[in-house]
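Structural description and commentary
Chain by chain, the residues:
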Amino acid sequence: MGWQACRRTVQAFVLFVGHKCVQAVPGRRRPIFLLAAYKSDTGLSAIDLTVCPGWRISVPMISDSDSAAGSQLSPLQGIQDILDDHFLVSKTDAKGRITFANDIFCQISKYTPAELIGQPHNIVRHPDMPREVFRDVWDSLKAGRSWQGLIKNRAKDGSIYWVQALIYPNPDVDSPDKYISVRVDVTQAMHDHAEVESNEALHWIMKLGTASMSLEAFLRQCLDIIMALPWLSLVDRGGFMLDRGEGVLRISSTRNCGESLLETCATVAYGHCLCGQAAEKREILFKDHVDDDHHNHPAGMQPHGHYNVPLIYENRLIGVLFLYVEHGHKRQRRESVFLERLGQLLATIIIQKQAEEELSNAMIQLRQSNVDIQMQLSRIEILQEMVKQYTPRRVWEAAPNALRNRVRELPSEKVKLGFLFCDMQGFTHYSENHSPSEIIDTLNEFFDEAVHYVQDCNGDVERFMGDAFFAVFENTHDGARAAVKVLQAFREVNHKRKAAGRQSISFRMGYHAGEVIRGNVGGRTRKEYSVMGDAVNIAARLESACEPDRILISKEVADELQDQIRTGQPFAIDVKGKDLSIDVCYLKAVRSKAVG
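Residues numbered from 1 in each chain as written. Predicted model: local features only at pLDDT ≥ 70, side-chain atom pairs only at ≥ 80, totals over all residues. Heavy atoms only, no water.

The next point concerns the sheet that holds strand β13 (residues 305–313). On the basis of which strands lie adjacent, the open sheet formed by six strands has the order β11-β10-β9-β14-β13-β12 and antiparallel pairing. Both outer strands of the open sheet, β11 (267–269) and β12 (285–287), are each paired with one neighbouring strand and no more. Going from strand to strand, the sheet's axes swing by 25° on average, the running direction of each strand aside. Pairing analysis gives nine bridges linking β13 to strand β14 (residues 316–325), with the strands arranged antiparallel. Bridging from a neighbouring strand, V309 pairs with L321 of β14. The strands touched by helix α11 (residues 333–390) within the sheet are β9 (238–243), β13 and β14, with β13 carrying the most contacts at an inclination of about 45°. (Pairing = 2+ DSSP bridges. Helix = DSSP H or I, 4+ residues; strand = E, 2+ residues; numbered from the N terminus. Axes fitted to C-alpha atoms, helices over the stretch in contact; angles between N-to-C directions. Contact = heavy atoms within 4.5 Å.)

Structure representation (C-alpha cells):
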C-alpha cells in the first residue's frame, strides 16, 4: 500500500479528531488519545499520537521514493505497530461480524481469536449499555461518519472493562473489512472515577443522615443515590427490609417494586428467602439468577439476580438492603466492597434515625400526656367545684388530710358545735300556686344569701332539706352572728321583692349548741359525714316553735354568750322527746366577739 492508502488511513483519524481530544474519561483532565498529522511539501511528515496519561509516540513518515530506495520503515507499519502495542483493534464486516481482533483485544476480552472471528461484535457488549448508543453508532457508520464515545464491555469471564472507542468506516473501500474500531482500555481510570463516585455517594448519604427528615424519606433518597451510580451494575429496583424484632423483617421503603412483591414480601422471617438468609448469615448474599434459595415468587417475576446486604450496627442487625441486578451478572469485588461500606454506614444512620423518631414520638406522647393531664386537671377542678357545691365544706377540707394519711374515711369524734335550722314559712301553700322554676328561683334567691353569711361566719351548710337548711358552726358565737346576718339579708331580699310587686317570704330559725357525735353514716357506696345527738334535735325543735322572721335560741346558748348578744325575755316551751320544758328566748342582736 502506498502513500495514498497511508494518507487515507491517517486522515480517517485526523478527520474525526483533528487537534482536539477524544472525549475524556470523567474526572480526567488528560485526553485518552490525541492524534495529529503534520504535512510537509512532500506529504505527511509525521504522526504524533498522545496516549493517556500523556506520553507521546511520534512516527516519522517517509516518501514513496524513500520507500522505493529500500527503506525498512513503512508508514503504515508504523501506525500498525502503535495500534497493536497500545490499542484494542477490531474489524467487522458490513453486518458487524468480527473479521479481525488484535492481541490486546483478545487479552482484555479474554476471548481467543477463534472465539471472536465470525461473532457479532456485541459479544462483548455489557447489558448496562443502552441500545440507543449502538443505534447511534450504526446510524453514523452507515452515513459514512466516524463515531466516538465511552463504552462499557463485559469480558468472557463476566468481568467489566471500559474502553474509549473510535469507530470509523474502512477507508479501503475494496477491503471486506467495512468498519474498524480502535479502542483504549480506560478501565483503571473508570475504577478510579468509580471510587470517587463511591466516596461522593457515601458522603451524600452521610449528609442526608444529618438532615431533618423522617427515616422513610431518608431511605427513599438513599435508593435514588445508589441507583444513580453508573458503575454499579444494578437494575433500577430495590428497597429495605427493616428488623422489627422476633426474628422478622418487614418491608420498608422500596423503589419500582410491584404490588405483588410488596404483598408477598411484606414480612420475611430470618432464614427465609434471600433477605432472610442475609439477615441470618449476616453477610452479603449474591445471586446471579433466581434459584431454590429464592423462596418467594411474586406474580410476574422476571429472571434477575440479587445483592442482599445486611445492615449491622454493633453486632445488631438493623435490616437488609436488597438490590436487583441483571440475570447472569457476575459478582464484582469492588461492588461488594462498596456495598459492605454502604451497609455499615446505613446501619449507623438508620439506628440514629430510629432513635430520633422514638424520641420524637416520646416527646409527642409527652406533650399529648401534658395536654391530657391539663384537661384532666381542668375536669378535676370542675369536679372539685361541683363537689364543693354539693358537699359540706368540712368534708372537702378534711379529705386531703385523710388522703395524706392514707385512710379512706374521715375520723369519728365527739365535739361541741352550734346548730342553726332555717325553714320557709308556708312553703306548701306557695308551692301549690307557683311553677317549679319559680319555686326553685325563690328558694335560691334567699339561700344564696344564707350560704354566703354562714360561710362568712366560719360555718358550714350541712345540708339542704327542700325549703329548709341546716348549718353547723365550730364556735357558738359564730353561729349566733350568722343567724342575725342571714335574717337581715332575708329582710332585704323581701324588701326588693315587694318593690317588684312579688310576694314576700317568711322564715323561722332555731339555734342551739352542745356536744354531739360526728362520723360516717351510710353504706359502702354512699356515705355522709354527719352530726347526731340531742343538741341537733333541740335546734330543730326550736326552729319549729319559732315565730316567722325571728330567731329562737336556747337559754343555755344565751347564758354562754352573756353580754355578746342581746335577747328578749326568756320563756319556757315544751319540745318533742323531752319530759321537761326548756327555757328559750328570741335573739335580737349580736355584738362583736370579745377579744381574749
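Let's shift gears to the packing of aromatic side chains. Under the defined criterion, the tally for this structure stands at 14 aromatic pairs. Taking 5.4 Å as the distance between ring centres and 85° as the angle between the ring planes, the aromatic pair formed by F446 and F490 counts as edge-to-face. Placement of the pair is F446 in helix α14 (residues 436–456) and F490 in helix α15 (residues 476–499), with a sequence separation of 44 residues. Residue F490 is classed as buried on the basis of its relative accessible area, which comes to 2%. Members of the aromatic cluster, connected to one another through ring pairs, are F446, F447, F464, F469, F490 and F507. Positioned over the ring face of F100 is K91, at 5.4 Å from the centre of the ring. Geometry around Y586 places R550 over its ring, the cationic atom sitting 3.8 Å from the centre. (Phe/Tyr/Trp six-rings, centres within 6.5 Å; stacked < 30°, edge-to-face > 60°. Buried < 20%, exposed > 50% of the residue type's maximum accessible area, 1.4 Å probe, protein only. Lys NZ or Arg CZ within 6 Å of the ring centre and 35° of its normal.)

Confidence in the prediction for the chain averages 83 pLDDT; 84% of positions are at 70 or higher. Counting contacts from residues 1–76, a segment whose pLDDT is below 50, to residues more than four positions away or on other chains yields 138 contacts. (pLDDT = per-residue confidence, 0-100.)

Scanning the model with the defined rule gives 19 salt bridges in all. The salt bridge involving R255 is made with D224; its shortest N-O contact spans 2.3 Å. Of this pair, R255 sits in strand β10 (residues 248–255) while D224 sits in helix α8 (residues 215–227), placing them 31 residues apart in sequence. The exposure class assigned to R255 is partly exposed, which follows from its relative accessible area of 23%. For D224, a relative accessible area of 39% gives the class partly exposed. The shortest N-O distance in the salt bridge between R463 and E528 comes to 3.0 Å. Separated by 65 residues along the polypeptide, R463 in strand β16 (residues 459–465) and E528 in strand β19 (residues 527–532) bring together distant segments of the chain. A relative accessible area of 30% places E528 in the partly exposed class. Residues joined by salt bridges that share partners form a network here, namely D224, D236 and R255. (Salt bridge = Lys/Arg side-chain N within 4 Å of Asp/Glu carboxyl O.)

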